[in-house]
Amino acid sequence: MSTINREVGEQGKGFRLQRLRAIKLLFEKMNASQKAIVYAGTEYLDDVYVKSIDSEKVDVIAEGDKNYDSKNAFSFMSNEVKNSLISFLDCWFQYDSEGLIFCFYTNVSIGKEYNTKNLKGLNITLPEEPIIKLLMKKDFENENLLSTVVNTHSISV
């Protein structure tokens, strides 16, 4: 299995964000349990990697960090989000990590998807709210959420 190259342009500010996020997640896991063993690093599996072991529970966080001054918002259809999902799936399939948690962190806001000719031609109806917000709220009962996610990403990736 080959891994898709997802390298980006200017990385200096990205590395700083990765280290800050790794430290924040490390402290959060350490504060959650006095008995947990916690490891954190950057540029392993994804931008930020955190593994915590508490009793018999193992959590692995693979986080994609996006620091973009040139963008106002990301939507579920943004290439950066798609690349992060592909990175997560790479981790999932290559390392078979039970307890793997997908995270996407950015300094920009959440945007709304647009009804493009492509979507209309496929008879896909977008939800009223941005898809990312619905996923964050775990609003899986929204009538258009899951069908939109499955149908749009199966044809665009």
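Provided above is the structure to which this section pertains.
Residues numbered from 1 in each chain as written. Predicted model: local features only at pLDDT ≥ 70, side-chain atom pairs only at ≥ 80, totals over all residues. Heavy atoms only, no water.

Enquirer: Could you clarify how one ought to interpret helix 2 (residues 79–95) in this entry?
Expert: Note that an α-helix has 3.6 residues per turn; residues three or four places apart therefore point the same way. Taking 1.5 Å as the rise per residue, helix 2 with 17 residues should run 24 Å; its terminal C-alpha atoms sit 24 Å apart, in good agreement. Turning to helix 2, its buried residues number three or more, namely Glu80, Val81, Lys82, Ser84, Ile86, Ser87, Phe88, Asp90 and Cys91. (Helix = DSSP H or I, 4+ residues; strand = E, 2+ residues; numbered from the N terminus. Expected span 1.5 Å × (residues − 1). Buried < 20%, exposed > 50% of the residue type's maximum accessible area, 1.4 Å probe, protein only.)

Enquirer: Can you help me understand the pairing of strand 2 (residues 46–54) in this one?
Expert: In this structure, strand 1 (residues 37–44) lies alongside strand 2, joined through seven bridges in antiparallel fashion. Among the inter-strand pairings, Ala40 is bridged to a residue of strand 2, identified as Val50. Linking strand 1 to strand 2, which pair antiparallel, is a turn of one residue; within it Leu45 sits at a positive phi near 70 degrees. As paired strands, strand 2 and strand 3 (residues 57–66) are joined by seven bridges and run antiparallel to one another. By the bridge assignment for strand 3, Asp54 is matched with Lys57. Connecting strand 2 to the antiparallel partner strand 3 that follows it, the hairpin turn spans two residues, and Ser55 within it adopts a positive phi of roughly 55 degrees. (Pairing = 2+ DSSP bridges.)

Enquirer: Honestly, the sheet that holds strand 1 in this entry has me stumped. Any pointers?
Expert: Strands pair in a sheet through their backbones, by hydrogen bonds, and they do so in one of two ways: parallel or antiparallel. Taking strand neighbours across the sheet as the criterion, the four strands line up as 1-2-3-5 in an open arrangement whose pairing is mixed. Each of the sheet's edge strands pairs with one partner strand only, and the pair in question is strand 1 and strand 5 (100–106). The sheet shows a mean angle of 20 degrees between the axes of neighbouring strands, taken without regard to direction. Contacts from helix 1 (residues 12–32) reach strand 1, strand 2, strand 3 and strand 5 within the one sheet, and its direction differs from that of strand 1 by about 165 degrees. (Axes fitted to C-alpha atoms, helices over the stretch in contact; angles between N-to-C directions. Contact = heavy atoms within 4.5 Å.)

Enquirer: Hey, could you run me through the nonpolar core in this one?
Expert: Within soluble globular proteins, side chains that are nonpolar tend to cluster in buried spots. Core analysis: the largest hydrophobic core is formed by twelve residues, namely Phe74, Phe76, Val81, Val108, Leu119, Ile124, Leu126, Ile131, Ile132, Leu134, Leu145 and Val149. Where this core is concerned, the elements lending two or more residues are helix 4 (131–136) and helix 5 (145–156). It is helix 4 that provides the largest number of residues to this core, a total of three residues. Residues in contact with Ile131, not counting those within four places in the same chain, are Phe76, Met77, Glu113, Leu126, Leu145, Thr148 and Val149. (Core = buried A, V, L, I, M, F, W, Y, C linked by side-chain atoms within 4.5 Å.)

Enquirer: Got a minute to help me understand helix 1 in this structure?
Expert: The terminal C-alpha atoms of helix 1 lie 31 Å apart, and with 21 residues this matches the ideal 30 Å at 1.5 Å per residue to within 8%. Taken together, the buried positions of helix 1 are Leu17, Gln18, Arg21, Ala22, Leu25 and Lys29. Along the long axis of helix 1, the arc covered by the buried residues comes to 135 degrees, so they all point the same way. Turned more than 90 degrees away from the buried face of helix 1, the exposed residues are Gly12, Arg16 and Asn31. Close packing links the buried residues of helix 1 with strand 1, strand 2, strand 3 and strand 5. (Arc of directions from axis to C-beta.)

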